[in-house]
Amino acid sequence: MTALKERLKTPQTAPYPGAHLGLTWRAARPSDEQLVYDFIAACENSEGAIRNTSRAQISAMVTPSRAVDALLGFTPGGELATFAAVEVEEGNEDVARAGIFASVDPTWRGLGIGRAVLLWQDARARQLLTAVYGADAQIPASIYNIVESRQVDRRRMYIAGGFSAKAELVALTRDLSAPLSRIYYEGGHTVSAASLQYDALERLVKTGTSSKAATKAQVVRWLRQLYYEMDHDLSKVMVADGPIAAILAVRPQTPFIEDADVHCRIVAADTNARSAVVGALMGEIGTVAAASGVRSLSLEVESEADWVIDPLVQMHGFIEVGRRKLYAIEF
């Protein structure tokens, strides 16, 4: 494998979009957090986004570092018209990845701003990947973004920019005004996640996770964060004759699907009866959640994970509310 800098063809400069677009540009700074939060919320609400950007994500994007850079574009009247960011994932050993994010005010779309911003993001991502991982790094690299499937123009823009679709994510939700079915799985028993140690959960993830959207190392990092954020009493684990068969984690107060009280995540399932296990776990979680006053549950999984989608839709009546696609350029 050639050196990272050679594969990325790292540019010397990453110029801001031109003044011909009618906007003035400057770098983002931490004091912009509220401005950017309000701007992105307004844009996402106007689009009916199925997943809202959290304040924590925005705070990270407007805080410059060796791995993060962002810019703002202002109208002649001083109003924010676009925001764009690049964020490199640090500490990966298997792949160097840079995520890009952008939002344009609906009244300023169709003028070429998105394409101009993407050119800056592409150049800046290559620079930051080289700076973080080293010019001579010998690991694969990628620049990625996640786009709602219905945003056809945006998807075409990324394809024209050299990106290709790598995975599709399906968003599901379930109103709890009607109870979920109780599904019994004879091959194991359910326990609260509070009774399990983190290392046992990590072992399951390393052996039972398969994802096109993320590497196993990335999933393990997400699990570590999730382990401390999830509701340990509401989250459930299926134990089969000693080892863990699956875990369904619940995280409260998520921005994902605005009407949902809690968001569930299938962390992993290492069993030949995965659908039955997921069905049983969700049935128990739904029953406990409804009794606690939770109004609805949400979930997002890769479209190829039929073993998750089928039991949730067929056994428990979850409905699909949207899809998102992960686009990437790989080096």
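Residues numbered from 1 in each chain as written. Predicted model: local features only at pLDDT ≥ 70, side-chain atom pairs only at ≥ 80, totals over all residues. Heavy atoms only, no water.

A separate point is the pattern of salt bridges. Considering all chains together, one arrives at 15 salt bridges under this definition. Note that R156 is salt-bridged to D153, the shortest N-O span being 4.0 Å. Here the residue R156 and the residue D153 both occupy positions in helix α5 (residues 152–160), the gap between them amounting to 3 residues, near one helical turn. A residue is classified by how much of its surface remains accessible, and R156, at 57% relative accessible area, is exposed. (Salt bridge = Lys/Arg side-chain N within 4 Å of Asp/Glu carboxyl O. Helix = DSSP H or I, 4+ residues; strand = E, 2+ residues; numbered from the N terminus. Buried < 20%, exposed > 50% of the residue type's maximum accessible area, 1.4 Å probe, protein only.)

Let us look at the environment of D94. The residue D94 is located in the loop between β3 (80–88) and β4 (96–104) in this model. For D94, a relative accessible area of 32% gives the class partly exposed. Linking D94 and I139, residues 45 residues apart in sequence, is a C-alpha distance of 6.3 Å.

What follows deals with the confidence of the model for the protein chain. In this model, the protein chain carries an average pLDDT of 85, and 85% of its residues clear a pLDDT of 70 or more. Within the model, the stretch residues 253–260 combines pLDDT values under 50 with 24 contacts to residues more than four positions away or in other chains. (pLDDT = per-residue confidence, 0-100. Contact = heavy atoms within 4.5 Å.)

To continue, consider the packing of aromatic side chains. Applying the stated rule across the entire model yields 3 aromatic pairs. Ring plane angle 70° and centroid distance 6.1 Å describe the contact between Y16 and W120, whose orientation is recorded as edge-to-face. Here the residue Y16 occupies a position in the loop between α1 (4–8) and β1 (24–27), and W120 occupies one in helix α4 (residues 113–133), the gap between them amounting to 104 residues. Given the relative accessible area of 2%, W120 is considered buried. Aromatic pair Y158 and F163: ring centres 5.3 Å apart, planes at 75°, arrangement edge-to-face. The ring of Y37 has R55 sitting right over it, with the charged end atom 4.1 Å from the ring centre. The ring of Y144 is capped by R97, whose NZ or CZ atom sits 4.1 Å from the centre of that ring. (Phe/Tyr/Trp six-rings, centres within 6.5 Å; stacked < 30°, edge-to-face > 60°. Lys NZ or Arg CZ within 6 Å of the ring centre and 35° of its normal.)

What follows covers the environment of E202. Relative to the assigned elements, E202 resides in helix α6 (residues 198–208). In this structure E202 comes out as buried when scored by relative accessible area, which is 16%.

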